[in-house]
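# Structural overview
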Amino acid sequence: TANNGQSDIGIGMDRYLSVRGFSNASGNDGQMLINGNRIYGGGAGMRGTDSLESVELLRGPASLYYGAAQPGGVFNYNYKRPRADARYVLRARTDSEGSIATMADLTGPLNADKTVQYRLVGSLSRYEDDQAHVWSKPNSFLAALRWNPSPRFDSTLTYERTDVRAVPEKENNKKTVNGEYYPIPRDQSFLGHLNDRARREADTLLWNALWRPADDLKIAANLSWQRSEQWYQVTRPSGSGGGGTPPDPIDGRIPRSVSFSPPSQWESLSGGVDVSGKLRTGGLRHDWLAGIGYGISRTRSMSRPTVSGEFDTGGYVNPRTGAVVRPGRYGALPLDIDTLDNGVWPWRDVVMSQSAFMVPWAERRDTNFYLQDLIHLPDGRTRLMIGRASCRERVSTIV
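Residues numbered from 1 in each chain as written. Predicted model: local features only at pLDDT ≥ 70, side-chain atom pairs only at ≥ 80, totals over all residues. Heavy atoms only, no water.

## Here we look at the overall build of the protein chain
- Looking only at helices and strands, one finds one helix and 22 strands in the protein chain.
- Put simply, the protein chain has 399 residues, and 44% of those count as buried.
- A separation of at least 24 residues holds for 66% of the contacts in the protein chain among residues at least 6 apart in sequence. (Helix = DSSP H or I, 4+ residues; strand = E, 2+ residues; numbered from the N terminus. Buried < 20%, exposed > 50% of the residue type's maximum accessible area, 1.4 Å probe, protein only. Contact = heavy atoms within 4.5 Å.)

Dropping the structure here:
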């Protein structure tokens with residue numbers, strides 16, 4: 001299932017999956033793999049779907065193959081890889097809402113003997129929601145270079161850039177405290193500001209190498225680096241965050257609040273080596289594996305300023321009652337149900353310009369070691385897996 005909940009950043013921006021009730025939401029728990037590499041740190045769920053060849057799921061205890069993990073399972077995103085035969089694909093699509101998306105996919109050899117191959121995939125999209133003012137632009141670019149000098153050795157270097165910008169959908173028109181919906185048509189039920197935005201961008205660099213020195217022996221190595229950043233400004237009815245209930249309209253106006261997050265950053269560096277093979281003892285066949293992985297991930301975020309008074313909205317006069325309403329510091333003006341004039345939130349630049357106080361980096365280091373023996377019993381149908389995995393984790397703060 002998709003964990004696409006009512007987070008502050010909005011629907012469609014949290015692209016994480018869960019299996020058997022266990023979530024891979026942070027990417028730190030070992031449930032997220034890319035090209036078989038364990039990815040550490042936030043932003044691991046940010047993948048351009050046009051860049052993917054497939055998504056795999058290894059359920060249950062077998063996920064111990066990749067070290068410490070939750071019992072639900074392990075997800076593996078496989079990037080599109082270079083091919084020895086040339087192929088060029090150009091695709092465009094649209095829908096009744098006026099969305100438009102284009103994708104170009106180019107691959108082929110770079111030399112005569114086809115031992116060096118490339119792949120380029122670019123995607124530009126803009127999707128329009130059935131609600132006015134709600135849209136998303138998930139753009140991505142992938143470049144991969146493969147060296148395959150013999151059937152026993154294969155190495156690939158892959159880079160992907162994703163940039164997702166959106167006015168994300170919120171819960172918007174839901175039942176208020178009196179049990180009724182706001183009297184607003186579905187296509188006009190965006191209750192935010194016109195300059196609401198959410199943005200996530202990520203850079204990922206992966207290196208994979210596979211060497212088969214013998215038919216029953218395989219050595220795989222990987223190295224990955226990832227950087228990601230996000231910020232958002234999302235407006236919704238006051239009191240509706242965290243599954244709350246929005247208030248009834250006040251004199252025909254919907255009170256609103258702004259959820260604002262200055263830029264947050266994640267970085268990670270990880271690598272690992274697996275050695276696997278096959279052997280026989282008596283009448284039993286053993287598929288064995290030994291591996292080690294190491295990862296460093298760190299994150300930090302900007303602090304919101306706490307400036308008073310001078311940045312108040314100054315209030316407004318309710319034309320129906322004559323009362324003066326003052327939303328307060330960085331406040332949001334209510335939305336008039338009759339006019340549905342969303343307006344813009346005037347304090348974004350103020351908050352961004354004064355959010356220059358970075359908190360220290362929070363760093364996490366993970367060391368994983370794992371052993372596995374898959375025993376094929378003589379009846380040809382029964383398998384017995386014996387595994388051992390250990391994980392050492394250290395969390396610290398770096399000024």
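After presenting the structure, the write-up continues.
## Observations regarding the packing of aromatic side chains
- Applying the stated criterion across every chain yields a total of three aromatic pairs.
- Taken together, a centroid distance of 5.7 Å and an interplanar angle of 70° make the contact between Trp147 and Phe153 edge-to-face.
- With a relative accessible area of 46%, Trp147 lands in the partly exposed category.
- Phe153 sits in the partly exposed class, given a relative accessible area of 25%.
- Seen in terms of ring centroids, Phe260 and Trp345 are 5.7 Å apart; in terms of plane orientation they differ by 40°. Their pairing is tilted. One end of the pair, Phe260, is in strand β16 (residues 256-281); the other, Trp345, is in the loop between β20 (335-336) and α1 (348-354), and 85 residues separate them in sequence. (Phe/Tyr/Trp six-rings, centres within 6.5 Å; stacked < 30°, edge-to-face > 60°.)

## Side note on the pattern of salt bridges
- This model, assessed by the stated rule, comprises 23 salt bridges.
- Where Glu53 meets Arg119, a salt bridge forms, and the shortest distance between an N and an O atom there is 3.8 Å. Residue Glu53 is found in strand β6 (residues 52-59), and its partner Arg119 is found in strand β10 (residues 116-128); the two are separated by 66 residues along the sequence.
- Among the residues examined, Glu53 registers a relative accessible area of 42% and is labelled partly exposed.
- Between Lys80 and Asp105 there is a salt bridge whose closest N-O contact spans 3.3 Å. (Salt bridge = Lys/Arg side-chain N within 4 Å of Asp/Glu carboxyl O.)

## Some details on a nonpolar patch on the surface
- On the surface, a nonpolar cluster with roughly 720 Å² of combined accessible area is contributed by Leu110, Leu145, Leu157, Leu205, Trp207, Leu223, Trp225 and Leu269.
- Elements that contribute at least two residues to the nonpolar patch include exactly β13 (197-214) and β14 (217-237).
- One can find Trp225 in strand β14.
- We classify Trp225 as partly exposed; its relative accessible area is 36%. (Patch = residues over 30% accessible without salt bridge, like charges linked within 9 Å, V, L, I, M, F, W, Y side chains within 5 Å. Areas by Shrake-Rupley, 256 points an atom, 1.4 Å probe, with all protein chains shown as cover.)

## Considering unusual backbone geometry
- The backbone of Asn35 sits at a positive phi, close to 55°, despite the residue not being glycine.
- Residue position: Asn35 is located in the loop between β4 (32-34) and β5 (37-38).
- With relative accessibility at 8%, the residue Asn35 sits in the buried group.
- Despite not being glycine, Leu340 shows a phi value in the positive range, around 50°.
- Relative to the helices and strands, Leu340 resides in the loop between β20 and α1.

## Some words on the side chain of Thr107
- When you line up the elements, Thr107 lands in strand β9 (residues 100-109).
- Leave out the neighbours within four places in its chain, and Thr107 touches Arg81, Pro82, Arg83, Asp85, Ala86, Arg87, Tyr88, Tyr118 and Arg119.

## A closer look at the pairing of β14
- As paired elements, β13 and β14 share 16 bridges and run antiparallel to each other. Among the inter-strand pairings, Leu210 is bridged to a residue of β14, identified as Ala220.
- Relative to β16, β14 is paired through 20 bridges, and the arrangement is antiparallel. By the bridge assignment, Gln226 is partnered in β16 with Ser268. (Pairing = 2+ DSSP bridges.)

## Looking at the sheet that holds strand β7 (residues 73-79)
- Pairing is mixed in the open sheet, where four strands are placed in the order β5-β4-β7-β6. Among the strands making up the open sheet, the edge pair consists of β5 and β6.
- Bridge count between β6 and β7: seven bridges; the pairing is antiparallel. Among the inter-strand pairings, Val55 is bridged to a residue of β7, identified as Tyr77.

## Examining the nonpolar core
- With 11 residues, the main nonpolar core is built from Met32, Ile34, Ile39, Leu52, Tyr77, Tyr79, Met103, Val121, Leu142, Ala144 and Leu206.
- Looking at this core, the elements that each hand over two or more residues are β4, β7 and β11 (135-150).
- Discounting chain neighbours no more than four positions away, the residues touching Tyr79 are Ile34, Asn35, Arg47, Ser51, Leu52, Glu53, Leu142, Thr158, Glu160, Thr204 and Leu206.
- Counting eight residues, the second largest nonpolar core, distinct from the first, contains Trp231, Val258, Trp347 and Val350. (Core = buried A, V, L, I, M, F, W, Y, C linked by side-chain atoms within 4.5 Å.)

## Focus on the pairing of β11
- One ladder, built from 10 bridges, connects β10 with β11; its direction is antiparallel. Counted as the bridge partner of Leu120 is Ala143 from β11.
- Between the end of β10 and the start of β11, which pair antiparallel, lie six residues, with His133 showing a positive phi angle near 75°.
- Here β11 runs beside strand β12 (residues 153-167); their pairing, made up of 14 bridges, is antiparallel. Along β12, the bridge assignment pairs Lys137 with Arg165.

## Re the environment of Arg93
- Mapped onto the elements, Arg93 comes out in strand β8 (residues 87-94).
- We classify Arg93 as partly exposed; its relative accessible area is 33%.
- Separated by 32 residues in sequence, Arg93 and Ser125 place their C-alpha atoms 9.2 Å apart.
- Not counting the four nearest positions on each side in its chain, Arg93 is found in contact with Asp50, Ser99, Ile100, Ala101, Ser125 and Tyr127.
- Separated by 2.9 Å, the side chains of Arg93 and Tyr127 make a polar contact. (Polar contact = N/O pair within 3.5 Å; in protein donor to acceptor, adjacent residues only side chain to side chain.)

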